[in-house]
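Coordinate analysis (summary)
For reference, the chains in residue letters:
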Amino acid sequence: MVLRKLATATLAAGLYLANAAAAETVSQDPGRSPESAGIAEKARLASSWRSLDLTSRTLTAGPVPAAWDAGLFLDVGTLETSLGQIVGLKLRRSGQGLLAGTSVTVEGMRLKPDAGSLEAELDLAAEKAGFSLPLKVAANVTFQGVSKGSDGTSSLVTLRIEPTGISPHSDGSLLDIAKRSFLTAVIPDLLVLFADPHLFEARIPLPDHVEVPLGLEKTQTIPVNGGSGSVTIQTSMAKGSVAQDISYGGVVFGRKGVWLLGRLAEGAASDRVADEPPASLAELRSRVEALRASVTAELDRSKTPSGAGVHVGKSALLALTDKIRKLDPSLRRVTFKTVGKNGNLAGKRQDLGILGNLGIQASLLDAGAGSGGVGIEFGQATWSQKSLMLPLDATLDAEAKIQLNVDMIASGVVRTSVGLVGHGSGSMTAIAQPVVTGSGDRKVAAIEFPGSCSALQADVKTDGVLKGDLGWMKVPSIGGRISSSLGPIPPVLVLDGRPHLVRVAAKNFGDWSVEAPHSALAVAFAPEAFAASDDGIDLVVRLRVAPVVADGPRPDADEALDRAARTETEQVSAATKDALAQLAPAPCPASSGFALLLGDLVFGSNNEIVRLLVLLGKLPKEAWETVEHLGHEVSIDKVKGWIDDPQGSLKRGEFGKLADHVGHELSVDKGKEWIQHPADAARRGAVGRVIRGKLP
């Protein structure tokens, strides 16, 4: 800081001495004294030295931009657009004396790039009392670091135009006494003003932050059971983000533009500071010449884009994916749950002979009966064949509570439930590719992951708490498969034309006030092309600078400017959302699904079927009493006969005949026989035969 202030003071003194003979410049002998010319040359060379030395120090890190994590290249055209913010700037002189009421306007600017430095030439018009004098200012463009914008989040790089000399821009005609007097007074006053380092500055947005958003909220309805039913599933993932910051400290001035180079913020080195130039003019000339030759040779080995561009090195991309890999597991887990159901998950009908065509249906026990999650483990990313490759593995766990409905004969439904659990896994390698979509000022640069799909399947089976045994029948096999797609990975936004608000406040420097033509500017980089290289990804951009036009009674007020800028930002954001939606990949072929498999119904003995029919009221209780009396399994034909004609079959059958015989045995005539010959009558009669277990 002390050195910077000392350099500023030295520059101011040099400027003043270099133009001390301003009156002579516009006289009939416009030549300068050798002393003043030497001071002017030294001021110019000293400024060039600082840019050359900073460029040389940056180049020692290695090839540009490959040796750096990120870089922003501003070609000459883009620099003229950004530095053109000062064109229209008006300087007004207040106070007393000859210069009171003087105004000086910046009417034009031209850049003169060279290896290791960037010079500029300004056209000024000094006006006073009805006449105007053109002035020419020689200057150097310097890099002044990065600062936060007015919103506190965006970063802006400051480029400063530092005057190194001022002279009248004469067409060769002689000036009258009044104009010569005015010029003799205004040039020294301007020299003092030009010594302020903040007079001519331009700010442009700097992409120094890469962020990948996390989080998912999605609800979808999937068909089941051949499309006759459906299940609604809600999927979610914790919101968050993974970010990587870039710290810019390297600067390279070249013949085609300026590189601003950065490192990952975690390991960023401090800004490079140029050494102080040699004290003697002769040595300064020699050192500048030698340093420029060295820098020129180094620049010839560096990569220079044809236009403005952003370079993101593979090191930055790999560092970002490593942060994703090390995320807390809770931020790498996708959970899902069922929130709705319609119809059945599965169903089948089975011919069960005497019971007819029986049906069994399975559905979720309730709308929220299914749940699970997918845990994602990222592998070590690599950069190969101009692509970022990110391997990942996923594990799926799921559970569901299933209700079974068994349709009984003609009426009645037996219900039971079963729990299912399952686990599965899958893997894939996502390959990142740069892409630009949209048109005009609404273009969007993004990274997409084509073909990022893999299948996840969990084979589910009963959880051991099988309630499918109904005594008289069983469902021996209840299971299925829950399938889910791993992917697709949505596109990640890299850059859109979102504007940054740059305020240009009025300033006062002693008796001089500085008024900008606009209170605020909207500055943005619009993406044009996007491609990958061996060193990373390269984005071609176009700089847009436009005045912010606000409405209302006080259009220059901060609130009005903020509102106008916010409206533009919202429009760009909406266009970006639509563009990313168009890039959104189609669902993976292995889409989500739920397939439930039901085994055949297996029945017990025919006697158990009789008991079931009695319990359901399909047969009278005498049927079960008969089965209990028989002590052996009844035949299928007899059970079928009971089903077809319960009362008639029982009357014609063994139990019915037995009841008739017992009734006959209890008649009046049989009673006399029982009295006369009790033992023989009982042995021969129906009652005796029942006791002996024989039927007639």
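The present account deals with the structure reproduced in this document.

As for the overall build of the protein
The secondary structure content of the protein amounts to 16 helices and 30 strands. A burial count over the protein gives 45% of its 696 residues as buried. Within the protein, contacts between residues at least 6 apart in sequence are counted, and of these 70% link residues at least 24 apart. Split by element, the accessible area of the protein, about 33,500 Å² in all, is 53% carbon and sulfur.

Examining the packing of aromatic side chains
Taken as a whole and assessed by the stated rule, the structure comprises three aromatic pairs. Look at Phe131 and Phe182: their rings are 5.4 Å apart centre to centre, the planes differ by 85°, and that puts the pair in the edge-to-face class. Of this pair, Phe131 sits in strand β5 (residues 131–148) while Phe182 sits in helix α5 (residues 177–194), and the two are 51 residues apart along the sequence. Stacked on the ring of Trp68, the Lys or Arg Arg263 has its end atom at 4.1 Å from the ring centre.

Focus on the state of the cysteines
Under the counting rule described, the total for this entry stands at one disulfide. Paired by a disulfide, Cys453 and Cys588 hold their sulfur atoms 1.9 Å apart. Sign of the S-S torsion, about -80° for the bond between Cys453 and Cys588, identifies this disulfide as left-handed. Of the two residues, Cys453 is situated in the loop between β19 (444–448) and β20 (454–462) and Cys588 in the loop between α8 (558–583) and β29 (593–598); the sequence distance between them amounts to 135 residues. Its relative accessible area of 29% is what places Cys453 among the partly exposed residues. For Cys588, a relative accessible area of 4% gives the class buried.

Overview of the pairing of strand β26 (residues 512–515)
With four bridges connecting them, strand β2 (residues 90–93) and β26 associate as antiparallel partners. Residue pairing for β26: Leu91 is matched across the bridge by Val514. Alignment of strand β25 (residues 507–509) against β26, held across three bridges, turns out to be antiparallel. The residue bridging Phe509 from the neighbouring strand is Trp512, located in β26. Connecting the antiparallel pair β25 and β26 is a turn made up of two residues, with Gly510 showing a positive phi of about 65°.

Some words on the pattern of salt bridges
Oppositely charged side chains are able to pair whenever their charged atoms sit close together. Summed over the entire model, instances satisfying the criterion amount to 20 salt bridges. Note that Arg332 is salt-bridged to Glu377, the shortest N-O span being 3.4 Å. With Arg332 in the loop between α7 (314–325) and β12 (333–342) and Glu377 in strand β15 (residues 370–378), the pair connects residues that are 45 residues apart, well separated along the chain. Connected via shared salt-bridge partners are Arg93, Asp189 and Asp511.

Focus: the sheet that holds strand β3 (residues 103–114)
Across the sheet, which stays open at both edges, the eight strands sit in the order β7-β6-β5-β4-β3-β2-β26-β25 with antiparallel pairing between neighbours. Bordering the open sheet on either side are β7 (201–205) and β25, each of which pairs with just one other strand. On average, each strand axis in the sheet is inclined to that of its neighbour by 30°, with strand direction left out of account. In the sheet, strand β4 (residues 117–128) pairs with β5 via 10 bridges, with the strands oriented antiparallel. The residue of β5 that forms the bridge with Ala125 is Pro134. Against the sheet, helix α4 (residues 76–83) engages β3, β4, β5, β6 (155–168) and β7, with an angle of about 160° to β3.

What counts, and where the lines are drawn
Residues numbered from 1 in each chain as written. Predicted model: local features only at pLDDT ≥ 70, side-chain atom pairs only at ≥ 80, totals over all residues. Heavy atoms only, no water. Helix = DSSP H or I, 4+ residues; strand = E, 2+ residues; numbered from the N terminus. Buried < 20%, exposed > 50% of the residue type's maximum accessible area, 1.4 Å probe, protein only. Contact = heavy atoms within 4.5 Å. Areas by Shrake-Rupley, 256 points an atom, 1.4 Å probe, with all protein chains shown as cover. Phe/Tyr/Trp six-rings, centres within 6.5 Å; stacked < 30°, edge-to-face > 60°. Lys NZ or Arg CZ within 6 Å of the ring centre and 35° of its normal. Disulfide = S-S within 2.5 Å. Pairing = 2+ DSSP bridges. Salt bridge = Lys/Arg side-chain N within 4 Å of Asp/Glu carboxyl O. Axes fitted to C-alpha atoms, helices over the stretch in contact; angles between N-to-C directions.

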